Amino acid sequence: MLKQQLFTDGVNFMFNMARWSILLADWQVFAEGFAITIAISFVSLLGTLFISLIVGLIRCSQNRTAKSVCLAYINFFQNTPLLVQLLFMYNVLPRLNIMLSPFACGCLGLALYTGAFGASVVEAAVKAIPKGQTEAALSQGMSYLQALFLIVIPQAVKIAIPPMTNQCVNMIKNSATLTVVTAGELMYRADGWAAEYGCYTQSFFVSAILYLILCLPLSKWSEYLEKKVVRA
């Protein structure tokens, strides 16, 4: 009986129209946070792709020193919490006279973190291409870079796109952690609004729906691409 009463109270609280009317009156708060989340995700994605490509290709090179440096980067960022990395950048870098805005700090943190995983994806995709194709290209007079960019990478892209799309989805979800550096994204706006009006249920429910709108299409696209690659 008590459980049923608690459930009923929870449902009534969830669908309290007075609280929803307050939220609808302040919809701009969530719209601004949603827009900033998209902007952060876009900028971070560009940084992620750049880092993933450069580090992943270096990991496939013959330069042992460069490969070791990139491996250290990958191991560090893959095996330490994103939250710790963000707090380090936000609180420690200014003490080293490296001043970053919350937006820049968030984008850099997400790009470095996701890029470490993306680099592993690129490395695996390039190494999945048979070495015989590179050797055949070299025997035809191509340089190593020509063989890499004309023969290997176009094939590796098809293999890398599905897991890289998954990393993009994870990056969007991880953007919620940027609330600790006051980046102004969706979670930061939702948390601040909920604390002001006490409407936590409504605020976080709407936030979850907005994140779902961003992530679900990408997730389904990734599944489609993965099936397409398998068929090919």
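Preceding this section is the structure that the text describes.
Quick notes on the rules
Residues numbered from 1 in each chain as written. Predicted model: local features only at pLDDT ≥ 70, side-chain atom pairs only at ≥ 80, totals over all residues. Heavy atoms only, no water. Helix = DSSP H or I, 4+ residues; strand = E, 2+ residues; numbered from the N terminus. Rg over C-alpha atoms; globule rule 2.2 N^0.38 Å. Buried < 20%, exposed > 50% of the residue type's maximum accessible area, 1.4 Å probe, protein only. Contact = heavy atoms within 4.5 Å. Areas by Shrake-Rupley, 256 points an atom, 1.4 Å probe, with all protein chains shown as cover. Lys, Arg positive; Asp, Glu negative; His and termini not counted. Charge placed at Lys NZ, Arg CZ, Asp CG, Glu CD. Axes fitted to C-alpha atoms, helices over the stretch in contact; angles between N-to-C directions. Parallel < 35°, antiparallel > 145°, perpendicular 65-115°, else oblique. Left-handed = near helix turned anticlockwise from the far one by under 90°. Nonpolar A, V, L, I, M, F, W, Y, C, P; charged D, E, K, R; others polar. Core = buried A, V, L, I, M, F, W, Y, C linked by side-chain atoms within 4.5 Å.

## Focus: the overall build of the chain
Point 1. A count of helical and extended segments in the chain gives 10 helices and zero strands.
Point 2. N-terminal to C-terminal, the α/β element order of the chain is α-α-α-α-α-α-α-α-α-α.
Point 3. Taken over C-alpha atoms, the radius of gyration comes to 22 Å for the chain, far larger than the 17 Å a tight globule of 232 residues would show.
Point 4. When the backbone C-alpha atoms are referred to their principal axes, the chain occupies close to 75 × 50 × 35 Å.
Point 5. Split into buried and exposed, the 232 residues of the chain put 38% on the buried side.
Point 6. A separation threshold of at least 6 residues defines the contact pool for the chain, and within that pool the share at least 24 residues apart is 75%.
Point 7. Looking at the chain as shown, the accessible area adds up to about 13500 Å², and 68% of this sits on carbon and sulfur atoms.
Point 8. In the chain, 15 side chains carry a positive charge and 10 a negative one; their mean positions are 14 Å apart.

## Quick look at the packing of helix α5 (residues 82-91) against helix α6 (residues 102-127)
The geometry of a pair of packed helices is captured by two quantities: the angle between their axes and the separation between those axes.
Point 1. The contact between α5 and α6 brings their axes to 10 Å, and the two run at 140°. Between α5 and α6, the interaxial angle falls into the category oblique. In this structure, α5 meets α6 at a crossing whose hand is right-handed. Contacts from L82, Q85, L86, M89 and Y90 in α5 reach P102, C105, G106, L108, G109, L110, L112 and Y113 in α6.
Point 2. A breakdown of the residues in the contact of α5 with α6 according to their chemical character gives 10 nonpolar, three polar and no charged.

## Observations regarding the nonpolar core
Point 1. V55, Y73 and L178 are the most contacted members of the largest nonpolar core, which totals 23 residues.
Point 2. Secondary structure elements with two or more residues in this core: α3 (27-59), α4 (64-78), α5 and α6.
Point 3. Contacts of V55, omitting those with residues within four sequence positions, involve C70, Y73, I74 and A119.
Point 4. Counting 17 residues, the second-largest nonpolar core is a separate cluster that includes F34, W193, L214 and C215.

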